[in-house]
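An overview of the molecular structure
Here's the letter readout for the chains.
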Amino acid sequence: MINKLVSNELMDLVQKSMDASALQHKVLSNNLANVDTPGFKRSEVIFGEKLKQAVEGRSRSSAELDVAKTDDRHMGIGLERKSLGEIQPEVLTENNSSLRNDRNNVDIDVEMSKLAQNTVLFNTLAQITQQQFSQLKSAIREGR
Amino acid sequence: MNLFSSFEISGSGLSAQRLRMDTVANNIANVNTTRTAEGGPYRRLRVVFEPRQSEPLFLLPLEPKERAMAQLSQGVRVTGVSPDPAGAKMVYDPGHPDADAKGYVAMPNINIVNEMVDMISASRAYEANVTAINDAKSMALKALEIGKA
Amino acid sequence: MAISPVADAYSKSLTAGMLQLNEMSTMAQAAAKVVPGSAETFQQFLASAIGQTVELQKASEKKTEGFLSGKVDNVHEVMIAEEKAEIAFQLTMSVRNKIVEAYQEVMRMQI
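Since this is a predicted model, take the numbers as computed values, not measurements. (Residues numbered from 1 in each chain as written. Chains lettered and ligands numbered in written order. Predicted model: local features only at pLDDT ≥ 70, side-chain atom pairs only at ≥ 80, totals over all residues.)

1. Notes on the overall build of chain A
When its secondary structure is counted, chain A shows four helices and two strands. Helices and strands appear in chain A in the N-to-C order α-α-β-α-β-α. The proportion of buried residues among the 144 residues of chain A is 38%. Here the contacts in chain A between residues at least 6 apart in sequence split such that 77% fall between residues at least 24 apart. (Helix = DSSP H or I, 4+ residues; strand = E, 2+ residues; numbered from the N terminus. Buried ≥ 20, exposed ≤ 12 C-beta atoms within 10 Å, placed from the backbone. Contact = placed C-beta atoms within 7 Å.)

2. What to know about the overall build of chain C
Summing up its helical and strand segments, chain C has three helices and zero strands in all. The linear arrangement of helices and strands in chain C, starting from the amino end, is α-α-α. The buried share of chain C, reckoned over its 111 residues, is 19%.

3. Concerning helix α2 (residues 9-33) of chain A
Compared with the 36 Å implied by 1.5 Å per residue over 25 residues, the 36 Å span of α2 of chain A between its first and last C-alpha is a close match. The buried count for α2 of chain A comes to 20 of 25 residues, which makes it a mostly enclosed element. (Expected span 1.5 Å × (residues − 1).)

4. Remarks on the nonpolar core
By size, the foremost hydrophobic cluster in this structure holds 57 residues, and its most contacted members are Phe122 and Leu125 of chain A together with Ala88 of chain C. Ranked by residue count, the leading element in this core is α2 of chain A, at 11 residues. (Core = buried A, V, L, I, M, F, W, Y, C linked by C-beta atoms within 7 Å.)

5. Things to note about the interface of chain B and chain A
Of the residues lining the interface, 33 residues belong to chain B; the matching set on chain A comes to 29 residues. For the side of chain B that touches chain A, the secondary structure elements donating two or more residues are α1 (3-29), β1 (45-51), α2 (64-71) and α3 (112-144) of chain B. Residue contributions to the side of chain B that touches chain A peak at 12 residues, all from α3 of chain B.

6. Side note on the confidence of the model for chain A
On average, residues of chain A carry a pLDDT of 83, and 86% of them reach 70 or more. Ranking the helices and strands of chain A by mean pLDDT puts helix α4 (residues 108-140) of chain A first, with 93, and helix α1 (residues 2-6) of chain A last, with 77. (pLDDT = per-residue confidence, 0-100.)

7. With respect to the environment of Glu77 of chain C
All names here are of chain C. Along the polypeptide, Glu77 turns up in helix α3 (residues 75-107). Along the chain, Glu77 and Phe67 lie 10 residues apart, while their C-alpha atoms are 9.1 Å from each other. Those residues in contact with Glu77, other than ones at most four positions away along the chain, are Lys63 and Val72.

8. Remarks on the packing of α1 of chain B against α3 of chain B
Residues and elements named next belong to chain B. Between α1 and α3, the least distance of the axes is 9 Å, while the angle of their chain directions is 160°. The pairing of α1 with α3 is recorded here as roughly antiparallel in orientation. Here α1 runs over α3; the crossing is left-handed. Along the lines of polarity and charge, the residues of the contact of α1 with α3 split into 16 nonpolar, seven polar and four charged. (Axes fitted to C-alpha atoms, helices over the stretch in contact; angles between N-to-C directions. Parallel < 35°, antiparallel > 145°, perpendicular 65-115°, else oblique. Left-handed = near helix turned anticlockwise from the far one by under 90°. Nonpolar A, V, L, I, M, F, W, Y, C, P; charged D, E, K, R; others polar.)

9. Quick look at the packing of α2 of chain A against α3 of chain B
The geometry of α2 of chain A relative to α3 of chain B is characterised by a closest axis approach of 9 Å and an angle of 165° between their N-to-C directions. Relative to α3 of chain B, the element α2 of chain A is oriented roughly antiparallel. Crossing hand, α2 of chain A versus α3 of chain B: left-handed. From α2 of chain A, His25, Ser29, Leu32 and Ala33 of chain A reach across to α3 of chain B, where they touch Ala128, Asn129, Ala132, Asp135, Ala136 and Met139 of chain B.

10. Thoughts on unusual backbone geometry
Residues and elements named next belong to chain A. A positive phi is found at Arg103, a non-glycine position, where the angle reads about 65°. With respect to the helices and strands, the residue Arg103 is situated in the loop between β2 (90-93) and α4. The phi dihedral of Glu142 falls on the positive side, at around 60°, and the residue is not glycine. Residue position: Glu142 is located in the segment after α4. Overall, Glu142 belongs to the exposed group, with 8 C-beta atoms counted inside 10 Å.

Rendered as structure tokens:
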């Protein structure tokens, strides 16, 4: 009963998003640190997109048809129906683009804007977590 | 291994950019140096960066996704400071003590405009890393506030 | 933008929280129902609540330990585990206080 109280699906998801956001910060910091490294390719964490797909896939009626994937390398057509718990953040490296002559593809402005966005996201998630907990505590204290 | 290692990553970026800045400053300071201990004029120095990789131990048993995570570099590393191979600038100045028989002096292969551009670029990259550190700090402090609920 | 699903999710969480509270109250009602010969239900309920609290405390300790040794690098993981343990503890504590209160009330009853 207490386990149910402190870890419902949403809280687990928020915590997972925070993990992904912290990882994203690390990856973006790494891109920024390597802004002048010849041949360096930027990376990014893919999580929000997957989450969106899972949420959309969940709300869709099961009568719709999906295209089967028989190999890991197949591209998904249509939305995958994954449970929210299964989504894991994934680090993706952009190997096939170059921005400058030294084959580096880090655009400092793009990285900075992504960094700012990610920080706001993380702070929002932390705020949500805090509010959830304070709500529970206030219920336990009988509103006092 | 995220929020705290991102401090280290940005820190490596800071020291790399600072070294680059120092090298540029050294180049600018030596723009007219015509004699060095090795003989000949001062040669322009430049830093070479490479991604700092985490140890490639135990990569094989990992799943492809985990391997991608483990192979992600952990900041930047300075491989070395190497001299620019470009030849010296020959300037006609017969009165110079280091002038050769024809009156030409070998000046360092430094273009001051290039150095200034390099300096601005290093300074901007340094600032970007500082911002990343500040963001990591604000995120960590915000996460601490969860405990104040 | 990633924030809008979060806001959406948060509004859903409010309703989820309400449902949780409802669930808790039905559980309490079920626990209070004294069936002759099966007085252990409430005891079992309390024991399992305490057991879960202890588990959460242990999980929190483990996270703190991992944080100190560098295995866990995220502040939020530690804080969330700690907060969960604290909420569980507070809930168990206030349930216990209520029980003691009820007991004393019964003891003070004039016969």
